[in-house]
Amino acid sequence: MDWPIAEVARMSGVTARTLRHYDETGLLPPARIGANGHRYYEERQLLRLQQILVLRALGVGLPEIGRILSEQVDEVDALRGHHQRLLVERDRLDALAGTVSRTIAELEQSRKDGNPMTINRPENLFEGVTPSQYEGNMHDFPELAEAVARRAATMSQADADAAHRDRTAQMIRLAELMAAGHPAAADPVQAEIDAQYRALTELRTVSAEDYRAIGRSIVDNETWRAAYEAITPGLAAYQRDAIEAYATTRLN
């Protein structure tokens, strides 16, 4: 039995665009290509896709996933290894949930008191968070995700941690602008979005439509949205709207 690419996309939650990219890079060739030009996948390809998605969820980049899959021989042994990684990830997510819970409580208390939030131990914001999550959240933009992964591979742990803190600081600055009542299209907000866009284009060309799609994913991608909403409710939609305004006024 085989399944067309549209059905595999529906079952797995991976876009057809990403599946085609996996084929083009040799990571996941289909079982066959029909006379209509459509890709079809059998059980073996679905098992391989499961392994790809598990490794992606664990923050492994596409080049490294290709290496892991090319070197493995026994599927059961591979799944045991993935299972162990998932157990480790579960523990990390427990720590992350505690981090977000503490931040929410501190933000709520600061609002109740009418005072800005004071972060006594900034490192607490990042407990359980890994910089590789950023690349993992871009699975619908495989070319850009690979560029991010290549950059990450050249960074030291200290550099990666600093980059992640910078991204979190950007999110906090946007939250402060939103709380101050600035519309998404306001100049201070657009200055933040411009800095983010320029950082992306250092890695790869990003069209107006690609940037809009990234903005939509901040809301549509559950993990990405949760990261924004953990800082303040509505921040994901605010970032999306700001990106839409930026793409319309500066990239078109």
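Above this note sits the structure.
Quick look at the structure, then. Within each chain, residue numbers correspond to sequence positions counted from 1 in written order. With the structure being a predicted model, the display of local features is reserved for residues of pLDDT at least 70 and the display and counting of side-chain atom pairs for 80 or more, all residues being used for whole-chain, interface and lining totals. The basis for the side-chain values is all heavy atoms of the structure; hydrogens and waters are excluded.

**A look at the overall build of the protein**
- Comment: elements are numbered from the N terminus, with helices defined as DSSP H or I runs of at least four residues and strands as E runs of at least two. Helices and strands together make up the secondary structure of the protein, namely 12 helices and three strands.
- Each residue is assigned to one of three classes by its accessible area relative to the maximum for its type, calculated with a 1.4 Å probe on protein chains only: buried under 20%, partly exposed between the two thresholds, exposed over 50%. Out of the 252 residues in the protein, the part that is buried amounts to 40%.
- Contacts are assigned to residue pairs with any non-hydrogen atoms lying within 4.5 Å of each other. Sequence-distant contacts in the protein: of pairs separated by 6 or more residues, those separated by 24 or more amount to 65%.
- Only the protein chains shown count as covering a residue, and every accessible area follows the Shrake-Rupley method with a 1.4 Å probe. On the protein, roughly 13,800 Å² of surface is accessible, and the fraction owed to carbon and sulfur atoms is 52%.

**Focus: helix 4 (residues 62-71)**
- When helix 4 is considered as a whole, its buried residues turn out to be Leu62, Ile65, Ile68 and Leu69. For helix 4, the arc enclosing every buried residue in end-on projection is 115°, short of the 170-degree limit, so these residues lie on one face. For helix 4, the exposed residues lying more than 90 degrees away from the buried face are Ser70 and Glu71. It is the directions from the helix axis to the C-beta atoms whose arc is reported.

**Digging into the pattern of salt bridges**
- The salt bridge definition used is simple: a Lys or Arg side-chain nitrogen within 4 Å of an Asp or Glu carboxyl oxygen. On inspection of all chains with the given rule, the structure shows nine salt bridges.
- A salt bridge links Asp194 to Arg198; the shortest N-O distance between them is 2.9 Å. With Asp194 and Arg198 both in helix 9 (residues 187-201) and four residues apart, this pair spans about one turn of that helix.
- The buried category is assigned to Asp194, whose relative accessible area is 14%.

**Let's talk about the nonpolar core**
- The nonpolar core is taken to be a set of buried Ala, Val, Leu, Ile, Met, Phe, Trp, Tyr and Cys residues, with the residues joined through side-chain atoms within 4.5 Å. Ranked by internal contacts, the top residues of the largest apolar core, which has 24 residues, are Leu174, Val189, Ile193, Tyr211, Tyr228, Leu235 and Tyr238.
- Top contributing element to this core by residue count: helix 12 (residues 235-251), with six residues.
- Once residues within four sequence positions are removed from consideration, Ile193 is found in contact with Leu174, Tyr211, Gln239, Ala242, Ile243 and Tyr246.
- In this structure, Trp3, Leu19, Tyr22 and Leu49 belong to the second largest nonpolar core, which totals 20 residues.

**Quick look at the packing of helix 1 (residues 5-12) against helix 3 (residues 43-57)**
- Between helix 1 and helix 3, whose axes approach to 12 Å, the crossing angle comes to 40°. Here helix 1 is positioned oblique relative to helix 3, judged by the angle of their axes. As for how helix 1 packs across helix 3, the hand of that crossing is right-handed. On helix 3, the residues touching Val8, Met11 and Ser12 of helix 1 are Leu46, Leu49 and Leu53. Axis geometry follows a simple rule: fit a line to the C-alpha atoms, using only the stretch in contact for helices, then measure angles between N-to-C directions, giving values from 0 to 180 degrees. Any angle that is under 35 degrees is reported as roughly parallel, and any over 145 degrees as roughly antiparallel; angles of 65 to 115 degrees are reported as roughly perpendicular and all others as oblique. In a left-handed crossing the near helix is turned counterclockwise from the far helix by less than a right angle, and in a right-handed crossing that turn is clockwise.

**Observations regarding helix 11 (residues 222-231)**
- Those residues of helix 11 lying buried are Trp224, Tyr228, Ala230 and Ile231. The arc that holds every buried residue of helix 11, seen down its axis, measures 160°, which confines them to one face.

**Things to note about the packing of aromatic side chains**
- The criterion for an aromatic pair is that two Phe, Tyr or Trp rings (for Trp, the six-membered ring) have centres within 6.5 Å, with stacked assigned to planes under 30 degrees apart, edge-to-face to planes over 60 apart and tilted to the rest. Within this structure, the stated rule accounts for three aromatic pairs.
- Residues Tyr197 and Tyr211 carry aromatic rings whose centres are separated by 4.9 Å and whose planes lie at 55° to one another, so their mutual orientation is tilted. Within this pair, whereas Tyr197 is found in helix 9, its partner Tyr211 is found in helix 10 (residues 208-220), the two being separated by 14 residues in sequence. This pair shows no difference in class: Tyr197 is buried, exactly as Tyr211 is.
- Ring geometry for Tyr211 against Tyr246: centres 5.9 Å apart, planes inclined by 80°, an arrangement best described as edge-to-face. Here the residue Tyr211 occupies a position in helix 10, and Tyr246 occupies one in helix 12, the gap between them amounting to 35 residues.
- Taken together, the ring pairs connect Tyr197, Tyr211 and Tyr246 into an aromatic cluster.

**Considering the sheet that holds strand 3 (residues 39-41)**
- We treat two strands as partners when DSSP finds at least two bridges between them. Taken in spatial order, the three strands make up an open sheet running 1-3-2, and their pairing is antiparallel. In this open sheet, the two strands that pair with only one neighbour each are strand 1 (3-4) and strand 2 (32-33).
- As judged from the two bridges shared by strand 2 and strand 3, these two strands associate in the antiparallel manner. Following the sheet pairing, Ile33 is matched in strand 3 by Arg39.

**Section: the side chain of Gln239**
- The topology assignment puts Gln239 in helix 12.
- With residues near it in sequence (within four places) discarded, Gln239 still touches Leu174, Ile193, Gln196, Ile218 and Tyr228.

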